[in-house]
Amino acid sequence: MLLINCPYCGERPELEFVHGGQAHIARPGSPAECSDQQWADYLYRRDNIKGVHAERWRHTHGCGRFFNALRDTTSDQFLATYKIGEQPPVPAQAQPRKATA
Amino acid sequence: MSPTLRTPSGGRINRARTVRFTFDGRELRGFEGDTLASALLANGVHLVGRSFKYHRPRGVLTAGPEEPNALVAIRRDAVRVTPNLRATEVELYEGLTAHSQNRWPSLKLDVGAVNGLLSPFIPAGFYYKTFMWPRRAWKRLYEPRIRAAAGLGRAPEHPDPDSYSNRFAHCDVLVVGGGPAGLAAAHAAAESGARVILCDEQPQLGGSLLCEQDPGAALEDGAWLARTIAGLMAHPRVTVLTRTTAFGYFPHNLLGLEQRLTDHLAQPDPAQPRERQWQVRAREVVLATGAIERPLVFPGNDRPGIMLAGAARSYLNRYGVLAGRRAVLVTVSDEAYRCALDLHRAGTPVAAIIDVRPQVAGELPEAARRAGLPVHTGTTVVGTAGRLRVKSIRIRKLDAHGEPRGAVERIACDLVLMSGGHTPSAHLFSQSRGKLHWNEALQAFLPGESPERARCAGACRGIFSAAAARRDGENAGTLAARDAGLVVGAVIGEPALGPAHGAAASGELPQPAGRPVSKAFVDWQNDVTSRDLLLAAREGFRSIEHIKRYTTTGMATDQGKTSNLNALAIVARQIGKPIPEVGLTTFRMPYTPVTFGGFAGYSRGELFDPVRTTPIHDWAAGKGAVFEDVGLWKRARYFPRPGESMHAAVTRECQAVRAHCGLFDGSTLGKIEVVGKDAVTFMNRLYINGWTSLAVGRCRYGILLRDDGFIYDDGVVARIAEDRFHVTTTTGGAARVLAMMEDYLQTEWPDLSVWLTSTTEQWAVIAVQGPSARQVLEGLVQDVDLSAAALPHMSVAPGRICGVPMRLFRVSFTGELGFEINVPADFGQAVWEAVYEAGRPHGITPYGTEAMHVLRAEKGYIIVGQDTDGTVTPDDAGLAWAVGARKPDFVGKRALERPAMHSPQRKQLVGLLTAEPHVVLEEGAQVVLDARAAPPTRPIGHVTSSYYSATLGRSIALALVRGGRARMGQTLYVPTPRGNLAVQVTSPIFYDPKGSRQNA
Ligand SMILES: [Zn+2]
């Protein structure tokens, strides 16, 4: 179970949250002007990243707010969480620790 | 008890307390402090099981959790039988009853052993290759036979009568392992101010030191062990958990611990839980999980009486048990000589020490030579003999190239001890997604970097000497406390290690070229030999993950704790690649098997799932209602009178609604209050309907799509005020609709001033439906004019009923004149009872969800999720009229404009009438064009709802049919097991198509 740092409430266990898919995919402002292909891309095309992934979470069983997170899909470590509407911060990559250090 | 196998003194057993137990019905005795394995060995019992595939006789191989052979069933009573326990971990208690497994009729005479005679014909992948044809025979013939012949213990047949507990805990530092490294780490962390949890799977702390005759000498500090354990037990910041296995390492430093509370007790308190599962979230983790001795691979290495050298030493020093009367040691490292020296001191003759290395000159080998033990260097093992117990071992000298050349020499013995060095236990570290690095000198993978806040100490990172491990643990504990945010004193640093701090070999011992080696076991539990692995490599398998699945090596319940590295080395050598390039299979939780009861914890019976009941639940239960589960809700399905069938009850309830009046509990309906100055804009953007024109006090049937254009939910929406909507959803959709609303509101339209509140459980909903509904309510309702002119169909009015504030909806899901009374939930049952009393002169009848379904189907009202399936557009469902055509946008609008969404060949909702009026179609049945169609054929649709309608005196069905609306009057067919049934396509509205009844 992940520990997720809600930007409004702080660190909480994963079971209070619902994953909301890839972040920063805005609904087109004028859907009528989209081609079928553009609309299909908006609906269905998502990245499948090995590494740092921007994704949405909702603190459903807490404050109820949506927010965004950067998570490394290879290690499940969160690099940052941030509010809706904010740009993703560019954090220093989390360094894996030597087992012996 | 044979006095010669128990040493006269020593060990950590309580010789003052004899413990009686049985093994396969035989009465035996041991001492308090014994494990089942040590007590059996003390009685001279080595044969404890039969192997999985070949049914070969097997003995105790190890003294710990890595045991692959000695799996037993422990029986407490008729229902408390636990299979597949490792005898090396089972603590002896008075009256313990153990049974061997996987043998018939008895351990010594096992009919299945014929598999062993056939073993040349059971190569790797045998099951895949042989039993492929015919396919049907696999299920009926081969699989049951194979499962009967080759298998582990039998699963219990009764519900588990014991209880299991669980607990969540947080700490600064979690230390896994109570050996020298773990004890030192826990002590150092606690002394630095950290809150510490220390867990160990054994009943006592000490780890490898428990197997030392003199732990003080091993530590180079006589008093340290006792002092440290006592200090930890008394420490206010330290929680010590013994008999507790850390079985899993989950993301963000969450570890699962299984604590066994009663399995070691002769008379457990039935009120006490059997196990407690801990979920520990640790700021920092120190893994001090030790190392596991590696067996050697040589022909006939699996006979009873052949065990790991360290295990024999453990039985001697910890339990005071001599594992045999004449021992031979086979080794590749100096460390194992300790075992021969200890046995020699205890009086067991050591017939030979076979060392594969050409020269041996260490301190321990020299001590062995001085003691007069015959040391054969540059020698390999080419075979063993003995049916139920090893009788002799055959050895052969190696030449300068490491090839067996000399004459075969046979040495009589009843105990063969082997040591291939140690494999650090990196299971938990690897589960943390830590990277492992190959160490050539140790022939082992050692922990490298971890993304988790974890560090390793002691033998699990290749530091094998107790004194060095203790120092390593102290360093790790101090650093863990520091990284957990505590102020720590001086850091002592890592221990300095000499160049030869360990030695090991992996793979197979040298064998004569040209002759196939047989019965050289790599994986004892799954009966995988070196020959199987070589065959897999020759057949072209290259990835160790594939070889594992093909040969099943490492796939047994021990997860290859003793076998993985040898298997890897054999494969690497065969395909000519270095070991790290062949790779390592994945370590998965659990480290050792965990009971299902432990995971279930309290979530059993009534506590398995939450139950949601409505305010009217108790009344319905009192009236004998039969309930059905709808999500977590309990809903009254029908109200049978004594002796009445479901069919009869539903018919009676439906007729009452059509003729008089019915009373229905609609409280589970999802309800969301949408409030704010932008509420109407929000509703316009979200739902397909136009909301601007909806006057205050009126309702509209709303449809919600996803942005892909398909129906997501529906429900009546009432405008309570200019800036306030009372939105209803389906019972199952309440949470997801609110989540979808919040998603759009928070992330797409944060500029809108709107608040969303779930009010599902705030309102009790009492539906009063039928021609007499108005008369029933007239005497109860205050402040609302119930006339059709003042309160027409699809309107809402605030008011009071029985003095209770209410929102009164004039709506109908039955097609009759209908009202839905919404009152605060606390008043639900009182108002319901008042309505019921007032309705009795009018024949009011409570009805359940089953009648509700029939009534709505007669009217062609869809149920989202039953008549729709996530590919249905509003037009497909015949609801195109609801689309607010002039709206520039709403969720789903763009997708509806795709050409495919307008194809006349889409599946559309229609009614179906069977030619035989009393035949009720199966829901989900396919619809085909041709009367003679037989599978395989292409259906053009399927039945979504189907009931017998008492009102119409015949069956009715709703269906989604390709191009359905253009097929009105056509005859189609529904295949059934009894043949294709003819059905006529009709409108989905079977009853009162003009709607005059609901407008009354
Ligand atoms: Zn929150």
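Whatever comes next refers back to the structure up there.
Once a new chain begins, its residue numbering starts again from 1 and follows that chain's sequence as written. To label them, take the chains in the order written and letter them from A, then take the ligands in the order written and number them from 1. Totals for whole chains, interfaces and linings use every residue, but because this is a predicted model, local features are given only for residues with pLDDT of at least 70 and side-chain atom pairs only at 80 or more, for both listing and counting. Water and hydrogen atoms play no part in the side-chain values, which are based on all heavy atoms of the structure.

Caption draft 1: Inspection of the side chain of Ser 563 of chain B at higher detail. Residues and elements named next belong to chain B. Segments assigned H or I by DSSP are reported as helices when at least four residues long, segments assigned E as strands when at least two residues long, and all are numbered from the N terminus. Relative to the elements of secondary structure, Ser 563 occurs in the loop between helix H14 (544-551) and helix H15 (564-575). Residue class for Ser 563 comes out buried when judged on its relative accessible area of 0%. Only heavy atoms enter the contact rule, under which two residues are in contact if any of them lie within 4.5 Å. Excluding anything up to four places from it in sequence, Ser 563 contacts Val 522, Asp 523, Thr 553 and Gly 554. Here the term buried applies to any residue with accessible area under 20% of the maximum for its type, exposed to any over 50%, and partly exposed to those in between, with areas from a 1.4 Å probe on protein chains only.

Caption draft 2: Main features of the sheet that holds strand E22 (residues 415-419) of chain B. Residue and element names in this part refer to chain B. Read across the sheet, 5 strands follow the order E15-E22-E16-E17-E18 without closing on themselves; strand pairing throughout is parallel. Only two strands of the sheet have a single partner each, and these edge strands are strand E15 (306-308) and strand E18 (375-376). A pair of strands is treated as paired once DSSP finds two or more bridges between them. In the sheet, strand E17 (residues 350-355) pairs with E18 via 2 bridges, with the strands oriented parallel. Counterpart to Ile 353 in the pairing with E18 is Val 375. Between the N-to-C directions of two axes lies an angle of 0 to 180 degrees, each axis being a line fitted to C-alpha atoms and, for a helix, fitted only over the stretch in contact. Of the strands in this sheet, E15, strand E16 (327-331) and E22 touch helix H8 (residues 309-319), which is tilted by about 85° from E15.

Caption draft 3: Inspection of empty space enclosed by the protein at higher detail. All names here are of chain B. Whether a set of points on the 1 Å grid over the protein atoms alone is a cavity depends on a 1.4 Å probe fitting there but being unable to get out, while an open set qualifies as a pocket with protein on both sides within 12 Å along at least five of seven lines; lining residues are those with an atom within 4 Å of a point. Grid points are joined across faces, edges and corners, and a volume is the space filled by probe spheres set on the points. Evaluated as defined, the whole model comprises 6 cavities of 30 Å³ or more. Quantified by volume, the largest cavity comes out at close to 150 Å³. For the largest cavity, the lining is made up of 14 residues, of which Thr 423, Pro 424, Asn 564, Leu 565 and Phe 587 are closest to its centre. Elements with a contribution of two residues or more to the lining of the largest cavity: strand E23 (422-424) and H15. Residues belonging to the lining of the largest cavity are distributed by class as follows: 7 nonpolar, 5 polar and 2 charged. For this classification, the nonpolar set comprises Ala, Val, Leu, Ile, Met, Phe, Trp, Tyr, Cys and Pro, the charged set comprises Asp, Glu, Lys and Arg, and every other residue, Gly included, is treated as polar.

Caption draft 4: Broad picture of the pairing of strand E1 (residues 3-6) of chain A. Residue and element names in this part refer to chain A. Only one face of E1 is buried, namely the one carrying Ile 4 and Cys 6, since none of Leu 3 and Asn 5 on the opposite face is buried. Taken together, the 4 bridges between E1 and strand E2 (residues 10-13) define a ladder with antiparallel strand orientation. Residue Cys 6 lies in a different strand from E2, and its bridge partner there is Gly 10. Counted along the chain from E1 to the antiparallel partner E2, the turn is 3 residues long.

Caption draft 5: Quick look at the interface of chain A and chain B. Contacts between the two partners involve 34 residues from chain A, matched on the other side by 40 residues from chain B. Buried surface at the junction of chain A and chain B, both sides included, amounts to about 3100 Å², of which 46% is carbon and sulfur. Any carboxyl oxygen of Asp or Glu that lies within 4 Å of a side-chain nitrogen of Lys or Arg is treated as forming a salt bridge with it. At the boundary of chain A with chain B, the tally comes to 5 salt bridges. Note that Arg 894 of chain B is salt-bridged to Asp 36 of chain A, the shortest N-O span being 2.6 Å. Any N or O atom pair separated by 3.5 Å or less is treated as a polar contact, with the protein-specific requirement of one donor-capable and one acceptor-capable atom, and with residues adjacent in sequence counted only for side-chain atom pairs. Here chain A is connected to chain B by 18 residue pairs in polar contact (both at pLDDT 80 or more). Of all the secondary structure elements, the ones that give two or more residues to the side of chain A that touches chain B are helix H1 (36-44), strand E4 (52-58) and strand E7 (97-98) of chain A. By residue class, the composition of the side of chain A that touches chain B is 19 nonpolar, 7 polar and 8 charged. Once two parts are brought into contact, the accessible area they lose, counted with a 1.4 Å probe and summed over both, makes up the buried area.

Caption draft 6: Spotlight on the sheet that holds strand E3 (residues 18-22) of chain A. Residue and element names in this part refer to chain A. Ordered in space as E3-E4-E5-E6, the 4 strands form an open sheet in which the pairing is antiparallel. Each end of this open sheet is capped by a strand with a single partner; those strands are E3 and strand E6 (78-83). Going from strand to strand, the sheet's axes swing by 30° on average, the running direction of each strand aside.

In short, geometric facts, not functional conclusions.
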